[in-house]
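Listed below are the residues making up each chain.
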Amino acid sequence: MVSTKIAFSLLGLLLLSASCYAQDDEVVADNIEIDLGASREGSRTDAEVVKREEEAIKLDGLNVAQVKELREKSEKFAFQAEVNRMMKLIINSLYRNKEIFLRELISNASDAIDKIRLMALTDKDALAATSEQTIRIKADKENNVLHITDTGIGMTKNDLVTNLGTIAKSGTADFLSKMQNPESTGQDAGDLIGQFGVGFYSAFLVADRVVVTSKNNDDKQYIWESDANSFSIAEDPRGDTLKRGTQISLYLKEEARDFLEVDTIRNLVHKYSQFINFNIYLWTSKTEEVEEPIDDETEPVTEKKTEEEEDAKVEEETEEKKPKTRKVEKTTWDWELLNNAKPIWTRKPSEVEENEYDEFYKAITKDTQGPLGHIHFVAEGEVTFKSLLYIPKTQPTESFNKYGTRTDNIKLYVRRVFITDDFQDIMPNYLNFIRGVVDSDDLPLNVSRETLQQHKLIKVIRKKLIRKTLDMIKKLDKAEQEKFWGEYSTNIKLGVIDDSANRSRLAKLLQFRSSANKGFITFSDYVERMKEKQESIYFIAGSSLDEVEKSPFVERLVKKGYEVLYLTEAVDEYCISALPEFEGKKFQNVAKEGVELDEGEGAKAKLEALKTQFEPLTKWLTETALKEHITTARVSNRLYKSPTALVASRWGITGNMERLMLANSHQKSQDIQRDYYLTQKKTLEINPRHPLIKELLRRVEADPEDRVSKGMAMMMFQTATLRSGYMLQDPSQFAEHIDAMLKQSLGVGDAEIEEEEEIENVPEGENAEEEADQDNDEDEDKSSKDEL
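Since the structure is predicted, the reported quantities are computational estimates derived from the model, not experimental observations. (Residues numbered from 1 in each chain as written. Predicted model: local features only at pLDDT ≥ 70, side-chain atom pairs only at ≥ 80, totals over all residues. Heavy atoms only, no water.)

1. Observations concerning the overall build of the protein
1) Next: Helix and strand counts for the protein stand at 25 helices and 22 strands.
2) Next: A burial count over the protein gives 38% of its 788 residues as buried.
3) Next: Long-range contacts, defined here as pairs at least 24 residues apart, represent 73% of the contacts in the protein between residues at least 6 apart.
4) Next: About 48,400 Å² of surface is accessible on the protein, with carbon and sulfur atoms providing 49% of the total. (Helix = DSSP H or I, 4+ residues; strand = E, 2+ residues; numbered from the N terminus. Buried < 20%, exposed > 50% of the residue type's maximum accessible area, 1.4 Å probe, protein only. Contact = heavy atoms within 4.5 Å. Areas by Shrake-Rupley, 256 points an atom, 1.4 Å probe, with all protein chains shown as cover.)

2. A word on the pattern of salt bridges
1) Next: Evaluated as defined, the whole model comprises 23 salt bridges.
2) Next: Of the charged contacts, one joins Asp546 and Lys550 as a salt bridge, the two residues approaching to 3.4 Å between their closest N and O atoms.
3) Next: Judged by its relative accessible area of 62%, Lys550 is exposed.
4) Next: Salt-bridge contacts for Arg699 lead to Glu695; the nearest nitrogen and oxygen are separated by 3.2 Å. (Salt bridge = Lys/Arg side-chain N within 4 Å of Asp/Glu carboxyl O.)

3. Comments concerning helix α11 (residues 456–474)
1) Next: Compared with an ideal rise of 1.5 Å per residue, which puts 19 residues at 27 Å, α11 spans 28 Å between its outermost C-alpha atoms and is within 8% of the ideal.
2) Next: Elements that come into contact with the buried residues of α11 comprise β9 (371–379), β10 (385–392), β13 (435–440), α12 (478–498) and α13 (503–507). (Expected span 1.5 Å × (residues − 1).)

4. Remarks on the sheet that holds strand β11 (residues 410–414)
1) Next: One open sheet holds the five strands; their spatial order is β9-β10-β13-β11-β12, and the pairing between them is mixed. Either end of the sheet is taken by a strand with one partner, and the two such strands are β9 and β12 (417–420). Ignoring which end each strand starts from, the neighbouring axes of this sheet average 25° apart.
2) Next: Bridging between β9 and β10 involves eight bridges; their strand directions are antiparallel. If you follow Phe377 over to β10, its bridge partner there is Ser387. (Pairing = 2+ DSSP bridges. Axes fitted to C-alpha atoms, helices over the stretch in contact; angles between N-to-C directions.)

5. What to know about the pairing of strand β7 (residues 279–293)
If a strand is regular, its side chains alternate between the two faces of the sheet.
1) Next: As paired strands, strand β1 (residues 134–140) and β7 are joined by four bridges and run parallel to one another. Considered in β7, the bridge of Arg136 is made with Tyr281.
2) Next: Taken together, the 13 bridges between β7 and strand β8 (residues 325–337) define a ladder with antiparallel strand orientation. Bridging across to β8, Thr284 finds its partner in Asp334.

6. Concerning the sheet that holds strand β14 (residues 511–514)
1) Next: Spatially, β15-β14-β17-β16-β19-β18 is the arrangement adopted by the six strands of the open sheet, whose pairing is mixed. Looking at strand neighbours, the two that pair on one side only are β15 (517–522) and β18 (581–582), the edges of this open sheet.
2) Next: Note that β14 and strand β17 (residues 564–567) share two bridges and pair antiparallel. The residue of β17 that forms the bridge with Ser514 is Leu565.

7. Description of unusual backbone geometry
1) Next: Positive phi, normally seen in glycine, also occurs at Lys243, with a value near 70°.
2) Next: One can find Lys243 in the loop between β5 (231–235) and β6 (245–252).
3) Next: The exposure class assigned to Lys243 is partly exposed, which follows from its relative accessible area of 49%.
4) Next: Even without glycine at this site, Lys366 takes up a positive phi of about 60°.
5) Next: Owing to a relative accessible area of 65%, Lys366 belongs among the exposed residues under this scheme.

8. Considering the environment of Gly652
1) Next: The topology assignment puts Gly652 in the loop between β21 (644–647) and α20 (655–663).
2) Next: Considered as a pair, Gly652 and Tyr676 are 24 residues apart in the sequence and their alpha carbons are 9.9 Å apart.

9. Side note on a nonpolar patch on the surface
1) Next: There is a patch of nonpolar side chains on the surface, built from Leu692, Val708 and Met712 and spanning about 220 Å² of accessible area.
2) Next: Position of Met712 among the secondary structure elements: in helix α23 (residues 707–723). (Patch = residues over 30% accessible without salt bridge, like charges linked within 9 Å, V, L, I, M, F, W, Y side chains within 5 Å.)

Structure below.
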C-alpha cells in the first residue's frame, strides 16, 4: 500500500514539473521582444553589472571594491635601470657584427641632413650657415681616430643631454612626432631612418672613447665626450668651426684599427650605405707620376769647357730654350665620392631610363653584362614595399651544386639602408638566380636592424615577388625567351615540382621539342594543334632527341598525325609527373599503358579481330615462353615498324626513369621501394602486321613446344627491352643468343670451339739450345736455296 502511494506521489510530481515547464515556455514565447535594447536588461551597462556582483567576485581574497581602493592609495615607482649594465648589454649583446657601427652612424648623419632639409622648406634661414648637405669620413691613422662629419641639423646642448645621454631616446622619433602635417611640405618624412635610439651606441663596439662635436643654428658649438661609463658636455673653445652639423670622433680600440684602412671603409660604405640620399666622401690619397722642372742651380758644376763645347753652346742658345723636366711620384689627398649609384627603385618606373636600369644592375651585381630583363614595381596591401628585380643573362655553372643553400642575390633595404641579404625564405630555390633589391618601411626588424624577424609579412612579400618574377619572364620577347630558356629551363621545371601554389603559372612557361616542330613549343601551342577528338597530351622521355625520335612508342602516333612532345632532360619526366593536367587535357606517357587512339568503329572492330587471331600467340607468350618475364602479352595499337615493345603500367616506371634511378649515386644499397619498381614485370605488346610476329604465330600454332620458337620469343623480349629503353637483367644471355644467330647465319651452327693446346714449360738452357739448332737449320736452308 505504501509503495503504491509513493508511486502515485512521484507520478504527480512529474506531471506538475511538466506543467511548470510548459507554462515557462509559454511565458517566454509571449514576452519575446524584437528590440532587446529597449528593455532595461538589454541596456544594462557593464558598470551596473560590476556593482551588482562586486560582493561575489573575489580577486586573491579581495573583492572588487577593495582592489579599487588598493590601487588608488598605492604609491607608484618607476623601474630603474643601471645605466652601465644597460650600456654593456647594448655594446656586447645587441649587435653581432662590429662593422654595423659605420652603417648606424651614417644613417644618423643622413637623418640629420634630412631634418635640416625639411626645416628649410618653411625656414629659408635654416641653410644660411652652409648650403652643403654631405657626409665626410676621415681616418687619422697616427692618432687612431675615425671622424664622421655631417652638415645636418646639429644638436643644441639640451639635445646632447637628451638624445645622447638617454639610452633608447630617438631624436628622429621625436622629430617626426613634432612634424605638423608633413604632407604639406612636399617631402617624404618617412625617409628618416632612425627608429630605436640605440644606433649611436654601436660606436662603442669599436671605440674606447667617443667625442661628439655639434653645432645647431639655435645654439653654440658644444663637445660631448664619453667612455661608455659617463659623459661630459662643454662649450667648444675653438668656437664655431663646423658652421652647422655634427662630427663624431671615434678613438678606436686596438683590435678595431682595421677600420682606419681606406679599403675597409670604402667596402663597408658600398655594402651598407651606397644608396643614402646624400653624397658620402672619404678622405683618400693617390699616387701618380708627374713631370717636375729641374732647377739649373741643382745641376753639377762642370770643369772648364773646351772650344768645341763653347761653339755647341752658342748653337743651342740660338734655338728655342726648352725647360728640363723629370718624372717623379707624387701623393695627392682629396675627397673621393663613395656612393655614385643612386636608389632608382625609389623613383617612378616611368621616370627611369633603360640605361639607368642597366647601370644600376651592374653596380649591385658587379656583372659586366647587362640584364636579360627587369621589373620595377611598388607593392601595396598588407605590406608596402618597392622592388627592382633582374634576370641575369647567364647562370653560373656551379649554381645547381649550391641548389637549396642560402643566396645573397636579393638585398633588403629599409629606407635605402642595407639590412641583410641572408635570406632563406624570401625567394624559392628555383628562383635563386633572380637579383635585385627590396625596400620596405613595414618590415619587422630587431633592434639592431641586422636580422629580419620571422613574420607573416615575409610570406606576403615572397608571394608578391614570385608573382612579379613570373610576370617578368612571361613578358620577355621571343628572342629573350629563347635565351632565358637556354639558361634557366631546369629552374622552371624544378619550380613545377616544388611550388604547388604557382604550378599552373609555371606550366605556361614550360617549353619542349616535339615531333611536329624542330624548335621548342609551349603547352598552349600543343593544345591549339591537337586533333579534334584527342583527349590527352602525348609525350615521351629519353636521354637524347635521337633516342626518342626512333622510339617504337611514337611510330604509329607520328604516322597518324598525332604530335608527341620529346622530353630529353633528366628533370623532364619528374616535371610532367607533377602536373595533373593543362587546360583540362591530361598528360599521357606513350611508353605506358593508356594510349587510346580514336580511329572510328571500323578500326576498333579490326583491332578486336586481330586480338582474336593472335590470341594463341599472346596466350603462349604469357603462360609458356615468357611466363617469368612479363605480366601479359597483347596486340598493340601503337607499333608500326617494330615487332615488339615493353610497356610499363600506369603507375610503373619507364625505361628513362629506370635509367635515372640507377644513375642516382645518393641512395641506399638496399632500397625496398626502388627494388620493387625496378623488378616490376612489364606488358609485352606485339605488332600483328610484322612478319616476325606472323611467322611466330604460325610456328606456335603448329607446335607450341618448338625449341626454336621459344628461343625466338626470348630474343624478341630482350630486343624489346633494349628498344623500350630498359636495361637487360642478364646481358650475357642476350650475347649468347646473338652468337648463336651469327653461327646459324654463317653456317657454322654445329661447329665446336677448338680446344687450346697446352704448352709445356722448357728450362731456359734447353730452350737456348733449341733456338741455336733452329738458327743453324735456317742457315743451312738458306745456303741450299742460294745454291739452287
